[in-house]
Amino acid sequence: MPFELKVTRAIDLRCSNCGKVITGEPIVVKTCCVNKPWVFCSRECYKQFVAKWTRNQDAGKGGGTLRKVVF
């Protein structure tokens with residue numbers, strides 16, 4: 001399950017879910033499967049990510065893929 005990290009921002013960040021430039025306080029999470037943190041602009045984007053992430057974890061080999069936005 002993803003868990004939230006505390007982070008201080010030194011650069012502009014883009015949301016890993018929708019791709020928007022984050023102007024406020026980002027939500028940063030780390031999963032067990034991806035070694036880099038995922039950054040989100042809002043709780044809504046984070047909820048959408050968690051729904052996709054858990055669906056993919058349950059899907060096994062034939063499941064979909066999560067898209068990682070390059071910063």
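Higher on the page you've got the structure.
All of these numbers come straight from a predicted model, not from anything done at the bench.

Secondary structure assignment for the chain yields one helix and three strands. Along the chain direction, N to C, the helices and strands of the chain fall in the order β-β-β-α. Relative to its 71 residues, the chain shows a buried fraction of 31%. Within the chain, contacts between residues separated by at least 24 positions form 44% of all contacts whose residues are at least 6 apart in sequence. Approximately 5,000 Å² of the chain is accessible, and the part contributed by carbon and sulfur atoms is 54%.

All right, on to the packing of aromatic side chains then. Tallying each qualifying case throughout the model produces three aromatic pairs. Arranged with centres 4.9 Å apart and planes meeting at 40°, the rings of Trp38 and Phe49 form a pair that is tilted. Taken as a pair, Trp38 in strand 3 (residues 38-40) and Phe49 in helix 1 (residues 43-59) lie far apart in primary sequence, eleven residues in all. Each member of the pair Trp38 and Phe49 is classed as buried.

Counting residues in each nonpolar core, the largest one holds ten residues, listed as Cys15, Ile27, Val29, Trp38, Phe40, Cys45, Tyr46, Phe49, Val50 and Trp53. Contributions of two or more residues to this core are made by strand 2 (27-30), strand 3 and helix 1. Sort the elements by how many residues they give to this core and helix 1 lands first, with five residues.

What counts and how
- Residues numbered from 1 in each chain as written.
- Predicted model: local features only at pLDDT ≥ 70, side-chain atom pairs only at ≥ 80, totals over all residues.
- Heavy atoms only, no water.
- Helix = DSSP H or I, 4+ residues; strand = E, 2+ residues; numbered from the N terminus.
- Buried < 20%, exposed > 50% of the residue type's maximum accessible area, 1.4 Å probe, protein only.
- Contact = heavy atoms within 4.5 Å.
- Areas by Shrake-Rupley, 256 points an atom, 1.4 Å probe, with all protein chains shown as cover.
- Phe/Tyr/Trp six-rings, centres within 6.5 Å; stacked < 30°, edge-to-face > 60°.
- Core = buried A, V, L, I, M, F, W, Y, C linked by side-chain atoms within 4.5 Å.

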